[in-house]
Amino acid sequence: MRAVLRVVNRVLIGLVGLVLLVIGGSVLAVGLGAPAPSWWIHDSRHDVLLSDAERTRWRDDGWWWPAVIAVLAVLVLLALWWLTTNLRRRRLAEVLVDTGDGEGALLRGRALEGVLANEAAQQEGVQRAHAHLTGRRSTPEARVRLLLAPHVDPGTALADLTTAALAHARNSAGLESLPAGVRLRGVKHGAERVS
């Protein structure tokens, strides 16, 4: 869903920007005295944006106001959908823990993220760690970012994270699996002098 939202955002912003650029540039060019193209709705720089005849052309037709209201309603619904998808919390609020007695317990997602990040940060050579839970509360997914010291082997850091922090988080929450996406980044450091 996140990739779809990213594509929709870029397409909408690109289309709106392109339409505004074309209309604004055309109005500016005609307003400065450039000859208007044949397809343009105005003839000269003294022409008004909407004449009285253009404004009242369909006022007496029965379909005009329902069509305007329907188009505006669709635009409002699309704008509300876009706003709610952008403002929706992407972080998992709670994780469902199977207690073994047929009941379930809820574990705060932030608590599990904090423990996972703290345990990952305690690994050798890890400068900083950040964990983020997504997905559903019965099948969470983890996104982990590790900032590694220059001397650390990324393969070793990934193996340590998998066998220690992720395994402990999975076992403590009673999950069958805890898929994780891990992003590794090295600390920026100056060049060392070699003699």
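Structure shown above.
Since this is a predicted model, take the numbers as computed values, not measurements.

## Overview of the nonpolar core
Step number 1: Core analysis: the largest hydrophobic core is formed by 25 residues, its most contacted members being Leu116, Ala142, Leu146 and Leu161.
Step number 2: Where this core is concerned, the elements lending two or more residues are β1 (94-98), α4 (109-121), β3 (126-135), β4 (140-148) and α5 (154-172).
Step number 3: With five residues, the single largest contributor to this core is α5.
Step number 4: Every residue in contact with leucine 161, bar those within four places of it in the chain, is listed here: Ala120, Gln123, Val144, Leu146, Leu166 and Val182.

## With respect to the pattern of salt bridges
Step number 1: What the rule picks out here adds up to one salt bridge.
Step number 2: Between glutamate 94 and arginine 137 there is a salt bridge, and its shortest N-O distance comes to 2.9 Å. Taken together, the residues glutamate 94 in strand β1 and arginine 137 in the loop between β3 and β4 connect sequence positions 43 residues apart.
Step number 3: Of the residues examined, glutamate 94 reaches a relative accessible area of 30% and is grouped as partly exposed.

The rules we used
- Residues numbered from 1 in each chain as written.
- Predicted model: local features only at pLDDT ≥ 70, side-chain atom pairs only at ≥ 80, totals over all residues.
- Heavy atoms only, no water.
- Core = buried A, V, L, I, M, F, W, Y, C linked by side-chain atoms within 4.5 Å.
- Buried < 20%, exposed > 50% of the residue type's maximum accessible area, 1.4 Å probe, protein only.
- Helix = DSSP H or I, 4+ residues; strand = E, 2+ residues; numbered from the N terminus.
- Contact = heavy atoms within 4.5 Å.
- Salt bridge = Lys/Arg side-chain N within 4 Å of Asp/Glu carboxyl O.

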